[in-house]
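One letter stands for each residue in the lines below.
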Amino acid sequence: MRVHQAYRYALDPTPEHARLLASHCGAARFAFNWGLARVKAAMDQRAAERSYGVAEAVLTEVPWSLYSLRRTWNAAKDTAAPWWVDNSKEAYNTGLDGVTRALKNWAASRKGARAGKKIGFPRFKAKHRATGSCRFTTGTIRVEADRRHVTLPRLGTIRTHESTRKLARHLERGTGRILSASVRREGGCWFVAFTCEIDRAERVVAKPDAVVGVDLGVKNLAVLSTGEVIANPKHHRSALKRLRRLNKQLARRVGPRTPDGGRRQASARWAKAKTALAKAHARVAHQRRDGLHQLTTRLAATYGTVVVEDLNVSGMLANRTLARAVADAGMAEVQRQLSYKTAWSGGRLVVADRWFPSSKTCSGCGAVKAKLALSEREYTCAGCGLVLDRDLNAARNLAALAAGVAQSRGETVNARGGAVRPGVRAGLAPVKRELPPGRTLPRQRGSSLVLTEKH
């Protein structure tokens, strides 16, 4: 199975390498701002010409595509940036490519062709606010044989903070090919990510016929239908005291902005405090990412079918009472990781529709409650008398639902990734959907639950 996979490693650069890395990222930021300024100037000129009645055929052309921006940059780079020879051409291509991507997303959002929230017109990148990054697609991009160094164009050979053996093994066997490399500065540290084309060996999960339902939450990160409870480590909440102290230190320093909004030279102590705060946030993010990877890898390698709910995480984040806890759990990241790890492991991921009442349905008799308060942590069925933990009940409903689909449709639920509509399993009442006030249910051909299988 051939897939595109990224390998990310922390770098341990020398002071000279750190200067070169910062220079390339600064060049990418400069090219982004330069390209955006050219596009805005051309758009303003075009609007002015249109107001004067100039014909559409002779209006000023806007350099919208990457090809046109690169052609304009090559003609003006000696004047706009006489120092451009100090960095690789890939640095400037990174910035111009970022402009075209931002403009494309903005245009698609205006037309309604892009899902999610509306995207505004691209803004200029500030040195102290933007994250430095640069992408290399040509030149010498290599992982050294000692597995502790990488070589990048114009940057030379840089030592890595960790071993690159996983990627080196694929390259040595001929089962991997590097497509591009991206350097990025996060939390005061430099990282390099290699985008590779990998030939992965076919794998079989430990329990091919086993089905597990995963109920994600805030109190517990996940509750499995097997009864296993994965506690929520709450990394951000544990580090909140330190983050508040570092934020106060940063606020007391002389930053790049005056109280009235003007610009000034930031102090060295402000830069030091900002780096310390960034490192603290990066540590929380790394801890959360590591825990989620361990959980999703174990689920994908153990069970043949994993069932999760399509949670409206963005809607949960709108609740200011739960936003911090929801963001700290990383529930959306669990579904994203499972979507590709189950395919790599030879299993399947089934995503239940977000309107499926998994918590309100009795896993014993199938009765559906009309209301279930969030404070009720135990599910009590008035029909059969079942008393069960709320999250465990939801996880069992998810697992039973996927098992009912597999039994009723056999092998028709396959790797094509299509939507299927399961029949009502034995003992389960028809699905009852409750919408928030003011919302209506979209038109559907039936009233059954929609399951989407992802591979």
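Since the structure is predicted, the reported quantities are computational estimates derived from the model, not experimental observations.

So what exactly am I meant to see when it comes to helix α2 (residues 66–80) here?
Note: α-helices contain 3.6 residues per turn, so residues at a spacing of three or four share the same orientation. An ideal rise of 1.5 Å per residue puts 21 Å on 15 residues; α2 reaches only 18 Å between its terminal C-alpha atoms. Of all the bends in α2, the largest measures some 40 degrees and sits at N74. Residues of α2 that are buried include every one of S68, L69, W73, A76 and K77, and no others. Packed against the buried residues of α2 are α1 (15–51) and α3 (89–111).

Is there a simple way to think about the packing of aromatic side chains in this case?
Ring pairs (aromatic) are described by centroid distance and by the angle formed between their planes. Applying the stated criterion across every chain yields a total of eight aromatic pairs. Plain terms: the ring middles of F30 and W73 are 6.4 Å apart, the flat faces sit at 70 degrees to each other, and that makes the pair edge-to-face. One end of the pair, F30, is in helix α1; the other, W73, is in helix α2, and 43 residues separate them in sequence. Overall, the relative accessible area of 28% leaves F30 in the partly exposed class. Joined through ring pairs, the aromatic side chains of F30, W34, W73, W83 and Y92 make up one cluster. For the cation-ring pair, R8 lies above F191, with the distance from its terminal atom to the ring centre recorded as 4.1 Å. Looking at K77, its charged tip hangs above the ring of W84, at a distance of 3.8 Å from the centre.

Before we go on, may I ask you to explain the sheet that holds strand β1 (residues 2–10) in this structure?
To summarise the sheet geometry, strands pair through backbone hydrogen bonds and adopt either a parallel or an antiparallel arrangement. On the basis of which strands lie adjacent, the open sheet formed by four strands has the order β1-β7-β6-β2 and antiparallel pairing. Here the strands that pair on one side only, and so sit at the sheet edges, are β1 and β2 (133–136). When strand polarity is set aside, the average angle formed by the axes of neighbouring strands in this sheet is 20 degrees. With four bridges joining them, β2 and strand β6 (residues 176–186) adopt antiparallel strand pairing. What sits directly across from S133, in β6, is R184.

What is the right way to read the pattern of salt bridges from this model?
Pairs may arise between side chains of opposite charge once their charged atoms sit close together. In this structure the tally under the stated criterion is 14 salt bridges. The closest approach of N and O atoms between E16 and R19, which form a salt bridge, is 2.8 Å. In this pair, E16 and R19 both sit in helix α1, three residues apart, roughly one turn of the helix. A salt bridge links D310 to R354, with the nearest nitrogen and oxygen atoms 3.7 Å apart. Of this pair, D310 sits in the loop between β11 (303–309) and α8 (313–317) while R354 is found in the loop between β12 (348–352) and β13 (378–380), placing the two residues 44 residues apart along the sequence. Take R354: its relative accessible area is 37%, and that puts it in the partly exposed class. Taken together, the shared-partner salt bridges in this structure form one network comprising R8, R184 and E186.

Looking at this structure, I do not really get a nonpolar patch on the surface. What am I missing?
On the surface, Y52, V54 and V58 cluster together to form a nonpolar patch covering roughly 340 Å² of accessible area. As for its position among the elements, Y52 is in the loop between α1 and α2. Overall, Y52 belongs to the exposed group, its relative accessible area being 71%.

Explain the sheet that holds strand β5 (residues 156–159) to me, please; I cannot follow it from the model alone.
Pairing within the open sheet is antiparallel, and its three strands lie in the order β3-β4-β5. Pairing within the sheet leaves two strands with one partner each, and these edge strands are β3 (142–143) and β5. Inspection of the sheet shows strand β4 (residues 149–152) paired to β5 by four bridges, in the antiparallel sense. In the sheet register, V150 faces β5, and the bridge partner there is I158.

Is there a simple way to explain the state of the cysteines in this structure?
A disulfide bridge is the covalent bond that connects two cysteines by way of their sulfur atoms. For the coordinates displayed, the defined rule picks out zero disulfides. C362 supplies the cysteine sulfur nearest to C384, a cysteine that is in no disulfide, at a spacing of 3.6 Å. Judged by its relative accessible area of 43%, C384 falls in the partly exposed class.

Could you clarify how one ought to interpret the nonpolar core in this entry?
The nonpolar side chains of soluble globular proteins are, as a tendency, buried together. Within the largest apolar cluster, 43 residues are counted, with the highest numbers of intra-cluster contacts made by L152, V192 and F194. Ranked by the residues each element gives to this core, the list is headed by α1, at ten residues. Residues within four places of L152 in sequence aside, it is in contact with T140, I141, A181, V183, V192 and F194. Counting 21 residues, the second-largest nonpolar core is a separate cluster that includes Y303, V306, A329 and L349.

Which parts of the structure should I look at to understand helix α4 (residues 165–173)?
Of the positions making up α4, those classed as buried are L167, A168 and H170. Taken end-on, α4 shows its buried residues confined to a sector of 160 degrees, consistent with a single buried face. Along α4, the residues that are exposed and aim more than 90 degrees away from the buried face are K166, E172 and R173. Elements that come into contact with the buried residues of α4 comprise β1, β3, β6 and β7 (189–199). In the stretch just after α4, G174 is the one whose phi turns positive, near 80 degrees.

What counts and how
- Residues numbered from 1 in each chain as written.
- Predicted model: local features only at pLDDT ≥ 70, side-chain atom pairs only at ≥ 80, totals over all residues.
- Heavy atoms only, no water.
- Helix = DSSP H or I, 4+ residues; strand = E, 2+ residues; numbered from the N terminus.
- Expected span 1.5 Å × (residues − 1).
- Bend = angle between axes of the 7 residues up to and from the residue.
- Buried < 20%, exposed > 50% of the residue type's maximum accessible area, 1.4 Å probe, protein only.
- Contact = heavy atoms within 4.5 Å.
- Phe/Tyr/Trp six-rings, centres within 6.5 Å; stacked < 30°, edge-to-face > 60°.
- Lys NZ or Arg CZ within 6 Å of the ring centre and 35° of its normal.
- Pairing = 2+ DSSP bridges.
- Axes fitted to C-alpha atoms, helices over the stretch in contact; angles between N-to-C directions.
- Salt bridge = Lys/Arg side-chain N within 4 Å of Asp/Glu carboxyl O.
- Patch = residues over 30% accessible without salt bridge, like charges linked within 9 Å, V, L, I, M, F, W, Y side chains within 5 Å.
- Areas by Shrake-Rupley, 256 points an atom, 1.4 Å probe, with all protein chains shown as cover.
- Disulfide = S-S within 2.5 Å.
- Core = buried A, V, L, I, M, F, W, Y, C linked by side-chain atoms within 4.5 Å.
- Arc of directions from axis to C-beta.

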